[in-house]
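Listed below are the residues making up each chain.
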Amino acid sequence: MTTKNVQKPLSKNKLLGIAGLAWMFDAMDVGILSFVIAALAVEWNLTPGEMGWIGSINSIGMAVGALVFGVFADKVGRKKIFMLTLLMFSIASGLSALATGLVVFLIFRFFVGMGLGGELPVASTLVSESVEAKERGRVVVLLESFWAAGWIVSALIAYFIIPDYGWRIALLITALPAFYAIYLRIKLPDSPQYTAKKTESRSIMQNMQEVWSRKYAKRTLMLWIVWFMVVFSYYGMFLWLPSVMVMKGFTLIKSFEYVLIMTLAQLPGYFSAAWLIEKAGRKFVLVTYLLGTAASAFVFGAAETTALLIISGMFLSFFNLGAWGALYAYSPEQYPTVIRATGSGMAASVGRIGGILGPLLVGSLVAAGYEIGYIFGIFCGAIVIGVLSVLFLGTETKQTELE
């Protein structure tokens, strides 16, 4: 038996660095889109409804990508799908910078979304399967913290690039990860758990049906509810954040500056969640940080002073992104290796339906004349529903060995 093609497993830190950088590039793309929407609204005279569609088409692509690439990751391996999705979103992002009208821009953003939607659950599955149980949750949350770094970079690009050089240059900068994907092909081994069990002959339909089998149905229902509510509120709030600041009376550049300040609070949100998740457990961190998100959203929507806007916006970033870290750690732990990427991908795909509806809802309600406080109140309620699903349907998976 030859072993020349067998790759040695990477150390925990190297794996985290490789997957984390790809995660950061994903966040750069999603983050820059929120600023591009605000810029396009001015340049292309977009209506609130058209602005909402830009955010939603991204989520339509993410829903498709999470489902398709999630199920195929259980068939062909985590690494191959990780590579393919990274290349897809990078190339499509670069091409979207060349769009001359809304329709062409939306087509490219759909493919960007497909790449993003597929990469995120597959990356978290890969890392989950490659780290020991005693520190698995902490490492996955630290992986998620690269999302904050990507948002911070996107906010810096928006602040320094968009006003002087335009949104096209900003999007081209986010396309650079395509070159990084070539490096990944050489350096990244596949999940050791997947490699050990890939000889099992199972169809995609078998895997999708097992996610809803008696053994996993309760977990799946819980994940689908919490994913839908979290993604619905996140994309509804954060993709509109710069635009909401403009609606509250700030200039485009000043809104970018304030959103950058709020974004910085994401990092301590992640790090605190990473510290707590192996001590207090997944359910405690997810519930606590989601409740903090709901309270912050309510205050932000009603805020009328600059100080209260910034402070509540920082708490919104802190709690919401900490909750995301816990959710990405929690989701792969609900299923055995043979259906792990399928289960996580299907939950993420259902969540992306919420990501389609959130930005559209904001656009339609703004166009109808509703106050921002009312709109953010809806997101507050949605998050509370997610909290209840975790409390009553979720089981604690802290430091349990993966099947």
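All of these numbers come straight from a predicted model, not from anything done at the bench.

Looking only at helices and strands, one finds 18 helices and 0 strands in the protein chain. Relative to a compact globule of 403 residues, whose C-alpha radius of gyration would be 22 Å, the protein chain shows 20 Å and is just as compact. Expressed along its principal axes, the backbone C-alpha trace of the protein chain runs to roughly 65 × 45 × 35 Å. Across the 403 residues of the protein chain, 60% fall into the buried class. Within the protein chain, contacts between residues at least 6 apart in sequence are counted, and of these 86% link residues at least 24 apart. A gap of 9 Å separates the mean positions of the 30 positive and 22 negative side-chain charges of the protein chain.

Moving on to the nonpolar core. Among the nonpolar cores identified, the biggest contains 136 residues, and Phe 105, Trp 147 and Trp 227 are the most heavily contacted of them. Among the elements that make up this core, the one with the highest residue count is helix α1 (residues 12–43) (20 residues). If we ignore the near neighbours within four places in the chain, the residues touching Trp 227 are Trp 324, Leu 327, Tyr 328, Ser 331, Ala 347, Ala 348, Gly 351 and Arg 352.

For the structure shown, the criterion picks out 6 salt bridges. Across the salt bridge formed by Glu 129 and Arg 78, the nearest N and O atoms sit 2.7 Å from each other. Here Glu 129, found in the loop between α4 (102–128) and α5 (133–160), pairs with Arg 78, found in helix α3 (residues 78–96); they are 51 residues apart in sequence, far enough to count as distant. You can call Arg 78 buried: its relative accessible area is 0%. The network of salt bridges with common partners includes Asp 74, Arg 78, Glu 129 and Arg 340.

Our focus in this paragraph is helix α7 (residues 167–174). Residues Trp 167, Ala 170, Leu 171 and Thr 174 constitute the buried set of α7. Looking straight down α7, one finds that the buried residues subtend no more than 95° of arc, so they occupy a single side.

Before going further, it helps to examine unusual backbone geometry. Among all residues save glycine, negative phi is the norm, and among peptide bonds the norm is trans. Phi is positive for Asn 45, close to 50°, though the residue is something other than glycine. Given the relative accessible area of 64%, Asn 45 is considered exposed.

The interhelical angle for the contact between α1 and α3, taken along N-to-C directions, is 30°, at an axis separation of 11 Å. Considered as vectors, α1 and α3 are oriented roughly parallel to each other. As α1 packs across α3, the resulting crossing turns out to be left-handed. Between α1, through Ala 19, Ala 22, Phe 25, Asp 26 and Asp 29, and α3, the contact on the second element is made entirely by Phe 82, Leu 86, Phe 89 and Ser 93. Residues that form the contact of α1 with α3 fall into these classes: 6 nonpolar, 1 polar and 2 charged.

What follows is about the confidence of the model for the protein chain. On average, the protein chain scores 84 in pLDDT, and the residues at 70 or more come to 93%. Note that pLDDT drops below 50 for residues 1–6; the model gives that stretch 0 contacts with residues more than four away or on any other chain.

Let us look at the packing of α4 against α5. At a closest axis distance of 9 Å, the pairing of α4 and α5 adopts a crossing angle of 145°. The crossing of α4 and α5 is right-handed. Across the interface between the two elements, Leu 120, Ala 123, Ser 124, Val 127 and Ser 128 from α4 touch Arg 136, Val 139, Val 140, Leu 143 and Trp 147 from α5. Its residues assigned to classes, the contact of α4 with α5 comprises 7 nonpolar, 2 polar and 1 charged.

For the rest of this paragraph, the subject is the packing of aromatic side chains. Summed over the entire model, instances satisfying the criterion amount to 22 aromatic pairs. Ring centres 5.9 Å apart and planes at 55° place the aromatic pair Tyr 216 and Tyr 335 in the tilted group. With Tyr 216 in the loop between α10 (204–211) and α11 (217–238) and Tyr 335 in the loop between α16 (306–330) and α17 (337–367), the pair connects residues that are 119 residues apart, well separated along the chain. Residues Tyr 216 and Tyr 335 agree in their burial class; the two are buried. Where Trp 324 meets Tyr 328, the ring centres are 5.8 Å apart and the plane angle is 25°; that geometry is what we call stacked.

Quick look at the side chain of Asn 207 now. With respect to the element layout, Asn 207 can be found in helix α10. What makes Asn 207 buried here is its relative accessible area of 2%. Aside from chain neighbours lying at most four places away, what touches Asn 207 is Asp 74, Arg 202, Val 338, Ile 339 and Thr 342.

What counts, and at which threshold
Residues numbered from 1 in each chain as written. Predicted model: local features only at pLDDT ≥ 70, side-chain atom pairs only at ≥ 80, totals over all residues. Heavy atoms only, no water. Helix = DSSP H or I, 4+ residues; strand = E, 2+ residues; numbered from the N terminus. Rg over C-alpha atoms; globule rule 2.2 N^0.38 Å. Buried < 20%, exposed > 50% of the residue type's maximum accessible area, 1.4 Å probe, protein only. Contact = heavy atoms within 4.5 Å. Lys, Arg positive; Asp, Glu negative; His and termini not counted. Charge placed at Lys NZ, Arg CZ, Asp CG, Glu CD. Core = buried A, V, L, I, M, F, W, Y, C linked by side-chain atoms within 4.5 Å. Salt bridge = Lys/Arg side-chain N within 4 Å of Asp/Glu carboxyl O. Arc of directions from axis to C-beta. Axes fitted to C-alpha atoms, helices over the stretch in contact; angles between N-to-C directions. Parallel < 35°, antiparallel > 145°, perpendicular 65-115°, else oblique. Left-handed = near helix turned anticlockwise from the far one by under 90°. Nonpolar A, V, L, I, M, F, W, Y, C, P; charged D, E, K, R; others polar. pLDDT = per-residue confidence, 0-100. Phe/Tyr/Trp six-rings, centres within 6.5 Å; stacked < 30°, edge-to-face > 60°.

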